[in-house]
Amino acid sequence: MDTIPIITTSNVDSGGGETSPNSLGTSSSSSYSGQNISITPLIASPTPSSPTVQPKKKSIDDFVIGKVLGEGSYGAVVLGTDKETQVQYAIKILEKKHIIKENKIKYVQIEKEIFCKCNHPNIVKLFFTFRSDACLYYVLELCSQGDLLHQLKKVGSFDADCTRYYIAEIISAVEHLHQLGIVHRDLKPENILMSADMHIKITDFGTGKIMDKPQLTQTNSSSSLSDSTSTSNTTPNTSTGNLEQMVDQASASTDGTANPQQLQKTRANSFVGTAEYVSPELISNKETSTDSDLWALGCILYQLTTGRLPFRGKTEFLTFQKVSNRDLVYPTNINPVTKDLIGKLLVMKPSDRLGSLSNGGFSELKKHEFFQGFDWDQLYKMPPPPIQAPKEKIVFDDSSLDLSSSLSSPLSNSTNSVNTLSPLITSPSNSSSNNLISNTTSSGSSSNLKPPTTTNNNINNNSNNTSTNNNAIVEKLNKFLNAGETILEQGLVWKRKGFSIKKRHLILTSTPRLIYVDPKKMEFRGEIPWSNQIKPEVKGNSGNFVIQTPKRKYNMEDLDHNPQKWVDSITNAINNIKI
Ligand SMILES: Nc1ncnc2c1ncn2[C@@H]1O[C@H](COP(=O)(O)OP(=O)(O)OP(=O)(O)O)[C@@H](O)[C@H]1O
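Since the model is a prediction, treat every value here as computed from it, not as a measurement.

A. Focus on the nonpolar core. Ile 167, Ile 170, Ile 202, Leu 365 and Phe 371 are the most contacted members of the largest nonpolar core, which totals 81 residues. By residue number, the principal contributor to this core is helix α4 (residues 160-179), which donates ten residues. Per-domain counts for this core show at least three residues from each of domain 1 (3-140) and domain 2 (148-230 + 270-448). Counting 19 residues, the second largest nonpolar core, distinct from the first, contains Ile 91, Phe 128, Tyr 137 and Ile 501.

Below, the structure written as structure tokens:
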């Protein structure tokens, strides 16, 4: 069984939810991964020059909250500017009630512990944590250039220099994790963010695993453990944790859904990351080790080089089958050295993967011909090369063409983490209904859920302007309509209430009614009471709008940055009723 031991670290949030500056500073000039370099100058601008010197306890009131940067399964991430220093951060807001309801306590705790342990220029830094009655806040290093997938999509695939540089940064970060005994378990371009100066920053440790023992390094002068590995001396503690206490306190004041049985189940279940990057050993026997990350690394190298996912079926089940059979097709004109490295990472037997402790470790991986002439010691001093496509187009043999694995396919707009494997493996029929198309549609980016271009039409009539995708969405929304009712406007919005930010599908109906639903679960969440006094108004220029009712103000942000459409549609609906 896949258990997740918890190691209590000295730098984990103090009890009582006090502000807790990350203990990064304890090794501010530490050597990690054997690179004797100072961390501080490498922190991407604009980051605090001295994250350790934070005498004052922080709270959310110390930050000016800006736009929503993204949404994860536990909550939203917003831009936050420290009022005192003007430094910008990404603030992850986790709703306690939601964490409890979704049984995510352990995952939230693991993520925080891993953030606290890490001290590497290519891993997102956690600077502060604090809490309010309703939320937990993680103040993180801001990565303003989106994620690696976003960068890859801009050019299709990376040229050799670019691939080598970014793979080297990923390797350096993964080596650091493994030296700390941390397995990421969900490495993929979406979890690799980009800083303002275009360095990669690995994030999303919610599915990470802290091994009982940190991975021993190879006998190699350039592989000493970093200062921060001293946390490995700490006592494993599987029963209590400050975060748990916090959430327990919260549960006392909510609906008390965090019953022990549920929590135990969550702990016992094993997250497997994302189908396309999952290693064969996880599929066959739910085994996970640092070697699983090497498989994912091979997948990422393939993806950056070719612009395609190495293993991609039309459903998760078919993807798992491809992984299990190592059903891998290379472009006909792939560089043989790159192909060799991919082949040595995508090896079925985990311990035979290049970089595995039993196969030379990271020092051997770094010596591969792919990195010939690459000065690892200079990695953090070199400016990143420009992101560009190779001069020669990547060519696949036509017979191997599987559009579903292409980056340009809408299927690959977003790959979603999946929880447990067993049902998907044993039940193909089940898996086909669980495929990534539906996952992507329900939880994917706004680009997948573009609203129809026309407004004030009966969208249910499937006008010519409406894409197939939109029709499918509208069809799904039909269940929220009353008899004879049609949709006047619909689209994804961020709905803000205090510091709670939720993604909702807002629907204006012909009755008229303004209802909002959970777009992932497709469940009704509420209704904005309609009256002729309702007043919609655009706020600023970043997609925000408010709907003022006699009793309450609803703050929204249109994900397509077209708040005007809501103001127009609502105003039209009011006028039509008046007439
Ligand atoms: N440090 C950051 N800087 C800038 N944007 C960020 C940062 N961290 C997260 N984001 C944005 O917020 C989104 C949500 O991040 P979060 O870590 O909460 O969840 P996730 O990685 O998408 O998925 P999940 O936690 O559900 O597995 C990211 O996809 C990214 O767009």
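B. Focus on the pattern of salt bridges. This structure, assessed with the given rule, holds 20 salt bridges. When the shortest N-O distance is used, the salt bridge between Glu 102 and Lys 521 registers 2.7 Å. Of this pair, Glu 102 sits in the loop between α1 (96-101) and α2 (105-117) while Lys 521 sits in the loop between β12 (514-518) and β13 (523-528), and the two are 419 residues apart along the sequence. Under the relative-accessibility criterion, Glu 102 is labelled partly exposed at 27%. Taking the relative accessible area as the measure of exposure, Lys 521 reaches 37% and is therefore partly exposed.

C. Looking closely at the UniProt feature "binding site: ATP" (unreviewed entry) in the chain. Under the present numbering, the feature "binding site: ATP" (unreviewed entry) in UniProt falls on Lys 92. Relative to the helices and strands, Lys 92 is located in strand β3 (residues 88-95). Using a relative accessible area of 12% as the deciding quantity, one classes Lys 92 as buried. Apart from residues lying up to four places away in sequence, Lys 92 is in contact with Ala 76, Val 77, Glu 111, Leu 136, Tyr 137, Tyr 138 and Leu 140. A distance of 2.9 Å separates a polar atom in the side chain of Lys 92 from a polar atom in the side chain of Glu 111.

D. Examining the packing of α4 against helix α8 (residues 290-306) more closely. Direction vectors running N to C along α4 and α8 enclose 170 degrees, while the axes themselves pass 11 Å from each other. Classified by the angle their axes make, α4 and α8 are roughly antiparallel. Facing α4, whose interface residues are Thr 163, Ile 167, Ile 170, Ile 171, Val 174 and His 178, α8 presents Thr 290, Asp 293, Leu 297, Ile 300, Leu 301, Leu 304 and Thr 305. In the contact of α4 with α8, the residues fall into eight nonpolar, four polar and one charged.

E. Representation of helix α10 (residues 336-345) in the model. Listed as buried for α10 are Thr 338, Leu 341, Ile 342 and Leu 345. End-on, the buried residues of α10 take up no more than an arc of 100 degrees, which puts them together on one face. Packed against the buried residues of α10 are α8 and α11 (361-367). Looking at where α10 begins, the residue whose side-chain oxygen comes 2.7 Å from the main-chain nitrogen of Val 337 is Asn 335.

F. How the structure looks around the sheet that holds strand β15 (residues 544-548). Strand order in the open sheet made by the seven strands is β13-β12-β11-β10-β16-β15-β14, with antiparallel pairing throughout. Two strands lie at the open edges of the sheet, namely β13 and β14 (535-539), each paired on one side alone. Between one strand and the next, the sheet's axes are offset by a mean angle of 35 degrees, whatever the strand orientation.

G. Fine view of the site of the ligand. Taken together, 14 residues lie around the ligand, and Ser 73, Lys 92, Glu 141, Cys 143 and Asp 204 are the ones closest in. Between the ligand and the protein, one listed contact pairs a nitrogen atom with a backbone N or O atom of Cys 143 at 3.0 Å. Here an oxygen atom of the ligand and a side-chain polar atom of Asp 204 are 2.9 Å apart. Computed on the free molecule, the ligand has an accessible area of 600 Å², of which 82% lies beneath the protein chains in the complex. Built from parts of two domains, the shell around the ligand gets at least three residues from each of domain 1 (3-140) and domain 2 (148-230 + 270-448).

What counts as what
- Residues numbered from 1 in each chain as written.
- Predicted model: local features only at pLDDT ≥ 70, side-chain atom pairs only at ≥ 80, totals over all residues.
- Heavy atoms only, no water.
- Core = buried A, V, L, I, M, F, W, Y, C linked by side-chain atoms within 4.5 Å.
- Buried < 20%, exposed > 50% of the residue type's maximum accessible area, 1.4 Å probe, protein only.
- Helix = DSSP H or I, 4+ residues; strand = E, 2+ residues; numbered from the N terminus.
- Domains from an automatic or database assignment.
- Salt bridge = Lys/Arg side-chain N within 4 Å of Asp/Glu carboxyl O.
- UniProt positions renumbered as here; feature names shortened; annotations may be inferred.
- Contact = heavy atoms within 4.5 Å.
- Polar contact = N/O pair within 3.5 Å; in protein donor to acceptor, adjacent residues only side chain to side chain.
- Axes fitted to C-alpha atoms, helices over the stretch in contact; angles between N-to-C directions.
- Parallel < 35°, antiparallel > 145°, perpendicular 65-115°, else oblique.
- Nonpolar A, V, L, I, M, F, W, Y, C, P; charged D, E, K, R; others polar.
- Arc of directions from axis to C-beta.
- Pairing = 2+ DSSP bridges.
- Near = heavy atom within 4 Å.
- Areas by Shrake-Rupley, 256 points an atom, 1.4 Å probe, with all protein chains shown as cover.

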